[in-house]
Amino acid sequence: MGMIIGIILGAVLGVILLLSSLLLFWISKRKQEENRYVIWIMVAGLLALITSGSNALRYFL
């Protein structure tokens, strides 16, 4: 059961980070400002999703 919690937490965290980075990207483009931290947040969200997907494949296969 402990591994499933990690998979769920990683997927939820990845989705939250991706959604927040897309929202911040949209706001910064609307204000015509450059925000380089948005890219780092997006990369962290993608890495969290990749990691949770890898753990899910390892757990279920």
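Whatever comes next refers back to the structure up there.
Residues numbered from 1 in each chain as written. Predicted model: local features only at pLDDT ≥ 70, side-chain atom pairs only at ≥ 80, totals over all residues. Heavy atoms only, no water.

Peer 1: Please give an account of the overall build of the protein that cites residues and values.
Peer 2: Tallying secondary structure elements over the protein gives two helices and zero strands in all. Taken over C-alpha atoms, the radius of gyration comes to 14 Å for the protein, far larger than the 10 Å a tight globule of 61 residues would show. Expressed as lengths along the three principal axes of its C-alpha atoms, the size of the protein is roughly 45 × 15 × 15 Å. The 61 residues of the protein split such that 20% are buried. Accessible surface, the protein as shown: approximately 4900 Å² in total, 73% of it carbon and sulfur. (Helix = DSSP H or I, 4+ residues; strand = E, 2+ residues; numbered from the N terminus. Rg over C-alpha atoms; globule rule 2.2 N^0.38 Å. Buried < 20%, exposed > 50% of the residue type's maximum accessible area, 1.4 Å probe, protein only. Areas by Shrake-Rupley, 256 points an atom, 1.4 Å probe, with all protein chains shown as cover.)

Peer 1: Account for the packing of aromatic side chains, with residues named and values stated.
Peer 2: What describes a pair of aromatic rings is the distance from one ring centre to the other and the angle between the planes of the rings. Inspection of the entire model under this criterion finds one aromatic pair. Centroid distance Y59 to F60: 5.0 Å. Interplanar angle 80°. Geometry classified as edge-to-face. What makes Y59 partly exposed here is its relative accessible area of 38%. With relative accessibility at 60%, the residue F60 sits in the exposed group. (Phe/Tyr/Trp six-rings, centres within 6.5 Å; stacked < 30°, edge-to-face > 60°.)

Peer 1: Could you give an account of the environment of G14, naming the residues involved and the relevant values?
Peer 2: With respect to the helices and strands, the residue G14 is situated in helix α1 (residues 2–30). Judged by its relative accessible area of 0%, G14 falls in the buried class. Between the alpha carbons of G14 and W26 there is a distance of 18 Å; along the sequence they are 12 residues apart. With residues up to four places along the chain from it excluded, the contact list for G14 reads G45, A48 and L49. (Contact = heavy atoms within 4.5 Å.)

Peer 1: Requested: an account of the environment of A48, with residues and values cited.
Peer 2: Within the secondary structure, A48 sits in helix α2 (residues 37–60). Between the C-alpha atom of A48 and that of A11, which follows or precedes it by 37 residues, the distance is 6.6 Å. Ignoring sequence-local partners within four residues, the contact set of A48 consists of G10 and G14.

Peer 1: How would you explain unusual backbone geometry if you had to name every residue and give the values?
Peer 2: Positioned with a positive phi, Q32 is a non-glycine residue whose angle comes to about 55°. Classification of Q32 by relative accessible area gives exposed; the value is 73%.

Peer 1: Mind laying out a nonpolar patch on the surface, listing which residues take part and the relevant values?
Peer 2: Together, Y37, I39, W40, V43, L46, L47 and I50 make up an exposed nonpolar region whose accessible area comes to about 780 Å². Relative to the helices and strands, I39 resides in helix α2. (Patch = residues over 30% accessible without salt bridge, like charges linked within 9 Å, V, L, I, M, F, W, Y side chains within 5 Å. Salt bridge = Lys/Arg side-chain N within 4 Å of Asp/Glu carboxyl O.)

Peer 1: Tell me what's going on with the side chain of S52, and back it up with residues and numbers.
Peer 2: Residue position: S52 is located in helix α2. On the accessibility criterion, S52 (6% relative accessible area) is buried. Excluding residues that lie within four positions of it along the chain, S52 makes contacts with I7, G10 and A11.

Honestly, that's just the spatial picture; any functional story needs more than this.
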